[in-house]
Amino acid sequence: MSDSEIKIFSNAEILAQSLARNFQHWMAQADNDKKLNLALSGGSTPQKIFKHLAENYHNLIDWTKLNLFWVDERCVPPDHADSNYGMTRKLLLEKVNIPPEQVFRMKGEAEPADEARRYEASISAHVPQQYNMPRFDWIWLGMGDDGHTASIFPDQLALFQAASFCEVAIHPVSKQKRITLTGKILNNAAKVSFLVTGNSKAEMIHTILNQPESREKFPAAHVNPSEGKLEWFLDQSAAANL
Ligand code: 6PG
């Protein structure tokens, strides 16, 4: 894990406040004639951040400068309780003025392999290339206590090195199909931020950040943007074993 920056916050709320401030500054410094391309993860961790942005930054950010993508999606319809897009729409998108045509959701209701291809084409059409492939300006990732990230699970680690940058994955326990970005495009981003909270993640955070000899089998350990910045936003619970 080369020069990644580790930021530790007393709790998830303070972490959300700090990330929101970072996000506001990042949006403000962007050229007005440029759209910023951000890819979001789902799960529970981002929810506090989305709520904080919606409540406190809905009129402090020019949301029209943002193109929003997803890192992964469960293969369910957008109104399903498991939908990452559905969760983001409810907590954030319905409360800020991002133009709908700038929200690029993965269609969980579509046939998975077709959707992976469609989404890869959509990214290629809207995210400018650098280093021979689309380069996201920022990607927010979560991490499971099993060391997965996006929807790349340890039993499907080969997906991280897939030739295409959007693939179909399967949750190892629920067998739920997922659409997921893969390592090539994650590691081509200008900035990747892991957002990890809770003591259930502490052991895996220790393994990935402190144990180079045993982290290779976990997908989260392979996130390391070759020409970009990697940072870890952790609360004290998740950082307890560092
Ligand atoms: C998803 C996410 C996934 C998530 C981790 C952590 O679709 O579930 O993209 O990669 O980030 O599983 O999830 P929590 O934030 O719920 O712990």
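Everything here concerns the structure above.
A brief report on the enclosed structure follows. (Residues numbered from 1 in each chain as written. Predicted model: local features only at pLDDT ≥ 70, side-chain atom pairs only at ≥ 80, totals over all residues. Heavy atoms only, no water.)

Some details on the pattern of salt bridges
Enumeration according to the criterion identifies eight salt bridges in this entry. In this structure, Lys-7 and Glu-231 form a salt bridge, with 3.5 Å as the shortest nitrogen-oxygen distance. One end of the pair, Lys-7, is in strand S1 (residues 4-9); the other, Glu-231, is in strand S11 (residues 229-235), with 224 residues separating them in the sequence. Residues Lys-7 and Glu-231 agree in their burial class; the two are buried. For the salt bridge of Arg-117 with Glu-120, the shortest nitrogen-to-oxygen distance reads 3.0 Å. (Salt bridge = Lys/Arg side-chain N within 4 Å of Asp/Glu carboxyl O. Helix = DSSP H or I, 4+ residues; strand = E, 2+ residues; numbered from the N terminus. Buried < 20%, exposed > 50% of the residue type's maximum accessible area, 1.4 Å probe, protein only.)

Regarding the environment of Tyr-119
By the element assignment, Tyr-119 lies in helix H4 (residues 112-126). Given the relative accessible area of 0%, Tyr-119 is considered buried. Considered as a pair, Tyr-119 and Phe-165 are 46 residues apart in the sequence and their alpha carbons are 9.4 Å apart. In this structure Tyr-119 touches Phe-69, Trp-70, Phe-104, Arg-105, Met-106, Cys-166 and Leu-181, once residues within four positions along its chain are discounted. (Contact = heavy atoms within 4.5 Å.)

Digging into helix H6 (residues 202-210)
With respect to burial, H6 is a largely interior element, seven of its nine residues being buried. For H6, the secondary structure elements touched by its buried residues are S1, strand S10 (191-196) and S11.

Quick word on unusual backbone geometry
In the Ramachandran plot, Ala-150 falls in the positive-phi region, its phi being about 50 degrees despite a non-glycine side chain. Tracing the backbone through its elements, the reader meets Ala-150 in the loop between strand S7 (138-141) and strand S8 (166-170). Classification of Ala-150 by relative accessible area gives buried; the value is 7%. Backbone geometry at Lys-175 places phi at a positive 60 degrees, although glycine is not the residue there. Structurally, Lys-175 is set in the loop between S8 and strand S9 (177-181).

Some remarks on the layout of surface pockets
In this structure, the largest pocket encloses a volume near 350 Å³. Lining the largest pocket are 18 residues; nearest its centre among them are Gly-42, Gly-43, Ser-44, Arg-74 and His-148. For the lining of the largest pocket, the secondary-structure elements that each account for two or more residues are helix H2 (45-56) and strand S4 (72-74). Here the lining of the largest pocket is built from residues that sort into three nonpolar, 11 polar and four charged. (1 Å grid on protein atoms, 1.4 Å probe; cavity = no way out; pocket = protein on both sides within 12 Å on 5 of 7 lines; lining within 4 Å. Points joined across faces, edges and corners; volume = space filled by probe spheres on them. Nonpolar A, V, L, I, M, F, W, Y, C, P; charged D, E, K, R; others polar.)

Examining the nonpolar core
Phe-23, Leu-53, Leu-66, Phe-136, Trp-140 and Trp-232 are the most contacted members of the largest nonpolar core, which totals 76 residues. Residue contributions to this core peak at seven residues, all from helix H1 (residues 12-29). (Core = buried A, V, L, I, M, F, W, Y, C linked by side-chain atoms within 4.5 Å.)

What about a positive patch on the surface?
Residues Lys-48, Lys-51, Lys-90 and Lys-95 make up a contiguous surface patch of positive charge. Its location among the elements puts Lys-51 in helix H2. A relative accessible area of 41% places Lys-51 in the partly exposed class. (Patch = residues over 30% accessible without salt bridge, like charges linked within 9 Å, V, L, I, M, F, W, Y side chains within 5 Å. Areas by Shrake-Rupley, 256 points an atom, 1.4 Å probe, with all protein chains shown as cover. Lys, Arg positive; Asp, Glu negative; His and termini not counted. Charge placed at Lys NZ, Arg CZ, Asp CG, Glu CD.)

Some points on the site of the ligand
Every one of the 15 residues lining the ligand counts as a neighbour, but Thr-45, Asp-72, His-148, Ala-150 and Lys-201 are closest to it. Between Arg-74 and the ligand, the recorded distance is 2.7 Å, taken from a side-chain N or O atom to an oxygen atom. Residue Asn-84 places a side-chain N or O atom 2.9 Å away from an oxygen atom belonging to the ligand. About the coverage of the ligand: the protein hides 87% of its 410 Å² of free accessible area. If you map the ligand onto the pockets, it falls in the largest pocket. Taken together, the residues of the shell around the ligand break down into two nonpolar, nine polar and four charged. (Near = heavy atom within 4 Å. Polar contact = N/O pair within 3.5 Å; in protein donor to acceptor, adjacent residues only side chain to side chain. Sits in = over half its atoms within 2 Å of the grid points.)

Let's talk about the sheet that holds strand S3 (residues 66-70)
Hydrogen bonds between backbone groups are what pair the strands of a sheet, and the pairing can be parallel or antiparallel. The strand order across the open sheet formed by six strands is S1-S11-S10-S7-S2-S3, and the pairing between neighbours is parallel. Each edge of the sheet is formed by a strand with only one pairing partner; in this case those strands are S1 and S3. Each strand of the sheet is rotated relative to its neighbour by a mean of 20 degrees, with strand direction disregarded. Where strand S2 (residues 36-40) and S7 come together, two bridges link them in parallel fashion. For Leu-38, the partnering residue across the bridge sits in S7 and is Trp-138. Contacts from H4 reach S2 and S3 within the one sheet, and its direction differs from that of S3 by about 160 degrees. Relative to the sheet, H6 contacts S1, S10 and S11, its axis offset from that of S11 by approximately 150 degrees. (Pairing = 2+ DSSP bridges. Axes fitted to C-alpha atoms, helices over the stretch in contact; angles between N-to-C directions.)

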